[in-house]
Amino acid sequence: LNRRLAGLGTTIFAEMSALATATGSINLGQGFPDTDGPREIAEAAADAVLNGRGNQYPPGPGIPELRTALAEHQQRFYHLTYDPDTEVLVTAGATEAIAAALLALLEPGDEVIAFEPFYDSYAACIAMAGATRVPLTLRAPSFRPDLDELRALITPRTRLLLINTPHNPTGLVLTPSELATIAELALEHDLLVVTDEVYEHLVFSGGHHPIAALPGMRERTVSISSAGKTFSFTGWKVGWVTASAPLVAAVRTTKQYLTYVSAGPFQYAVAEALRLPDTYFDTLRTDLRRKRDLLAGGLSAAGFQVFQPEGTYFITTDITPLGEKDGLEFCRSLPDRCGVVAIPNVVFYDDAEAGRSLVRFTFCKRDDVLQEAVSRLRRL
Ligand code: PMP
Ligand code: GLN
């Protein structure tokens, strides 16, 4: 492994999911639903496979049906207008979109400011691009970004702001006023913004606000999302980028040499999914809100300090009230102690002290699974 990637050996998700399987524990670690998305969307994928749609290499930017559906989705939910031919790109999950964007836009030595804790692939992709990450630490209990601190972190080498709202793992959702300040800074310092919005439809109050919709931002923002979370098909790995034509062209250049294209038949199915009626999106959100409250209540009763998430399907907790200090040790011992797996937030931090005692649980599981997990955790 080259020096740029030193320390990035195995992702925490692989480690913890393997631990869940080996110990037969309830896996509240890696974020994937235990119930698949809508039956008719799965049927659309099967149909595409059986009827020879997408079984051979689809077009590089993604099939036109999906690009059109994505442009319509951005219009329907955010009044953002994108040209499906030049301003939309289909990727192999948001993960590839993040990699392709950072590899396309960064020069070696550039600085990227990102909220810490950061989703694990950010650090790896910034490193692969030869750039440097500059963390803006989100601190408990509110995890709200200190935007004066953000301003102070900007240097002549800063090229790009990498934001994530709703934010994994804290559940923070940026407000319109926070986004406006971030946008002002981007304009003032001529910075690009890459925004990871994979949890855009999992916001429990206040709604999701894309920074690309703010004045002057469309031309400097690469917006990224994915079908995995919104439609509960994380294994399909269909993601996308929407941005101005020059930015999409740049990201497409790197995407061509990472995967060339992404799986064809799933693209047909996701094109249908994006056109599901509002009731689909509303039900997804209300179901998850109930699950959030179920898990949050259970974790509080078990003695955790719970930071109520405004979005995503994760709850960050502090284990200090349980007499514990080290989240990594805690998560490694949790399967043996009570048959539950969680994620230690410390792996998402450069500043280990800020994340040491924080532990993330996902609630995208059946209610009975969450109830059983909670009753196990109460035995701690
Ligand atoms: N960004 C964030 C913040 C995530 O939590 C995830 C996990 N799904 C991804 C990106 C990757 O998404 P995908 O599975 O579509 O590659
Ligand atoms: N995004 C999911 C999480 O944060 C899973 C990601 C992954 O497995 N790479 O749990």
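For the protein chain, the name recorded in an unreviewed UniProt entry is N-succinyldiaminopimelate aminotransferase, with Kitasatospora atroaurantiaca as its organism. According to UniProt, the comment filed for the protein chain under the heading Cofactor (unreviewed entry) is "pyridoxal 5'-phosphate". The UniProt entry for the protein chain carries the following text under Sequence similarities (unreviewed entry): "Belongs to the class-I pyridoxal-phosphate-dependent aminotransferase family."

Here the focus is the overall build of the protein chain. Along its length, the protein chain carries 14 helices and 13 strands. Relative to its length of 380 residues, the protein chain is compact, with a C-alpha radius of gyration of 20 Å against a globular reference of 21 Å. Structurally, the protein chain occupies a C-alpha span of about 55 × 55 × 45 Å along its principal axes. Within the protein chain, the proportion of its 380 residues that are buried is 49%.

Let's shift gears to the site of ligand 2. The environment of ligand 2 is formed by Thr11, Phe13, Gln30, Gly31 and Asn168. Classifying every residue of the shell around ligand 2 gives 1 nonpolar, 4 polar and no charged.

Turning our eyes to something else, we now look at the pairing of strand S10 (residues 314-318). The buried fraction of S10 is high, at 4 of 5 residues. As paired elements, strand S9 (residues 305-307) and S10 share 3 bridges and run antiparallel to each other. Bridge pairing in S10 places Gln305 opposite Asp318. From the end of S9 to the start of S10, which pair antiparallel, there are 6 residues, and Thr312 there has a positive phi angle of about 75°. As judged from the 5 bridges shared by S10 and strand S13 (residues 358-362), these two strands associate in the antiparallel manner. Bridge pairing links Asp318 to Leu358 in S13.

Under the present numbering, the feature "domain: Aminotransferase class I/classII large" (unreviewed entry) in UniProt falls on residues 26-377. With 42% helix and 17% strand, residues 26-377 has its two end C-alpha atoms placed 11 Å apart.

Around ligand 1 there are 13 residues in total, and Gly93, Ala94, Thr95, Asn168 and Ser226 lie nearest to it. The biggest single contributor to the shell around ligand 1 is helix H4 (residues 93-105), with 3 residues. Considering only residue class, the shell around ligand 1 consists of 3 nonpolar, 8 polar and 2 charged.

With that out of the way, let us pick up the sheet that holds S9. Overall, antiparallel pairing links the 4 strands, which are arranged S9-S10-S13-S12 in an open sheet. If you trace the sheet from one side to the other, it starts and ends with S9 and strand S12 (343-344), each paired once. Here 2 bridges tie S12 to S13, and the two strands are oriented antiparallel to one another. Bridged to Ile343 within S13 is Arg360. Those strands touched by helix H11 (residues 278-301) are S9, S10 and S13, and its axis lies near 15° from that of S10.

Ala101, Leu102, Val241 and Val270 are the most contacted members of the largest nonpolar core, which has 113 residues in total. With 9 residues, the single largest contributor to this core is H4. Lining this core are residues from two domains, each supplying at least three of them: domain 1 (3-30 + 279-377) and domain 2 (39-273). Among all residues touching Val241, those that are not within four sequence positions of it are Leu89, Thr91, Ala97, Ala101, Val222, Ser223, Ile224, Val248 and Val251.

Another point: the domain arrangement of the protein chain. Under the domain assignment used here, the protein chain contains domain 1 (3-30 + 279-377) and domain 2 (39-273). Its C-alpha centre places domain 1 at a distance of 24 Å from the equivalent point of domain 2. Counting from both sides, the interface comprises 31 residues of domain 1 and, opposite them, 31 residues of domain 2. Counting residues per element, the ones that place at least two in the side of domain 1 that touches domain 2 are H11, S10 and helix H13 (352-355). A total of 6 residues in the side of domain 1 that touches domain 2 trace back to one element, the largest contributor, which is H11.

Right, let's talk about the environment of Leu102 for a bit. Mapping Leu102 onto the fold places it in helix H4. Taking the C-alpha atoms as reference points, Leu102 and Glu65, separated by 37 residues in sequence, lie 26 Å from one another. For Leu102, the contacting residues outside a window of four places in its chain are Cys125, Ile126, Ala129 and Val194.

With that settled, the discussion passes to unusual backbone geometry. At the junction of Thr165 and Pro166, the peptide bond is cis and its omega measures out at -10° in the coordinates. For Pro166, the location among the structural elements is in the loop between strand S5 (158-164) and helix H7 (176-188). Cis geometry is found at the peptide bond from Asn168 to Pro169, where omega equals 10°. Residues other than glycine seldom take positive phi values, yet His79 does so here, at roughly 55°. Here His79 is to be found in the loop between helix H3 (64-78) and strand S2 (88-92).

Reading guide: rules and limits
Residues numbered from 1 in each chain as written. Chains lettered and ligands numbered in written order. Predicted model: local features only at pLDDT ≥ 70, side-chain atom pairs only at ≥ 80, totals over all residues. UniProt positions renumbered as here; feature names shortened; annotations may be inferred. Helix = DSSP H or I, 4+ residues; strand = E, 2+ residues; numbered from the N terminus. Rg over C-alpha atoms; globule rule 2.2 N^0.38 Å. Buried ≥ 20, exposed ≤ 12 C-beta atoms within 10 Å, placed from the backbone. Near = placed C-beta within 6 Å. Nonpolar A, V, L, I, M, F, W, Y, C, P; charged D, E, K, R; others polar. Pairing = 2+ DSSP bridges. Contact = placed C-beta atoms within 7 Å. Axes fitted to C-alpha atoms, helices over the stretch in contact; angles between N-to-C directions. Core = buried A, V, L, I, M, F, W, Y, C linked by C-beta atoms within 7 Å. Domains from an automatic or database assignment.

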